[in-house]
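Commentary on secondary and tertiary structure
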Amino acid sequence: MSNPFKKIVKNANETQKDWGTNTTSETSSRKCENCGAARPKDTNLTTCDYCGFKFMDIDNEIKTDI
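Residues numbered from 1 in each chain as written. Predicted model: local features only at pLDDT ≥ 70, side-chain atom pairs only at ≥ 80, totals over all residues. Heavy atoms only, no water.

1. Describing the overall build of the chain
When its secondary structure is counted, the chain shows 1 helix and 2 strands. Across the 66 residues that make up the chain, the buried fraction comes to 6%. Within the chain, counting contacts between residues at least 6 apart in sequence, those at least 24 apart form 0% of the total. Here the chain displays about 6900 Å² of accessible surface, and carbon together with sulfur accounts for 48% of that area. (Helix = DSSP H or I, 4+ residues; strand = E, 2+ residues; numbered from the N terminus. Buried < 20%, exposed > 50% of the residue type's maximum accessible area, 1.4 Å probe, protein only. Contact = heavy atoms within 4.5 Å. Areas by Shrake-Rupley, 256 points an atom, 1.4 Å probe, with all protein chains shown as cover.)

What follows is the structure, given as structure tokens:
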């Protein structure tokens, strides 16, 4: 009687995908000038969600829901 796990391991090794050698990743974000919390770059945020610091002084209300 042969070991069924040998066949499973052999199949797994033969069909293993190569995802390349990229070992780094990065995100695009800015820090709040007041508290240092991160926020996404190029977004239309006017205030910091954490401390309430105003990034922009505008008189119009920006609607988030369409």
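2. Some points on the environment of Thr46
Of note, Thr46 is situated in the segment after strand E2 (38–40). Exposure remark for Thr46: the relative accessible area of 21% places this residue in the partly exposed category.

3. Things to note about the pattern of salt bridges
One pass over the full model with this rule turns up 1 salt bridge. Taking the shortest distance from any N to any O, the salt bridge between Glu14 and Lys10 comes out at 3.8 Å. Note that Glu14 and Lys10 are positioned in helix H1 (residues 4–14) at a spacing of 4 residues, about one turn of the helix. (Salt bridge = Lys/Arg side-chain N within 4 Å of Asp/Glu carboxyl O.)

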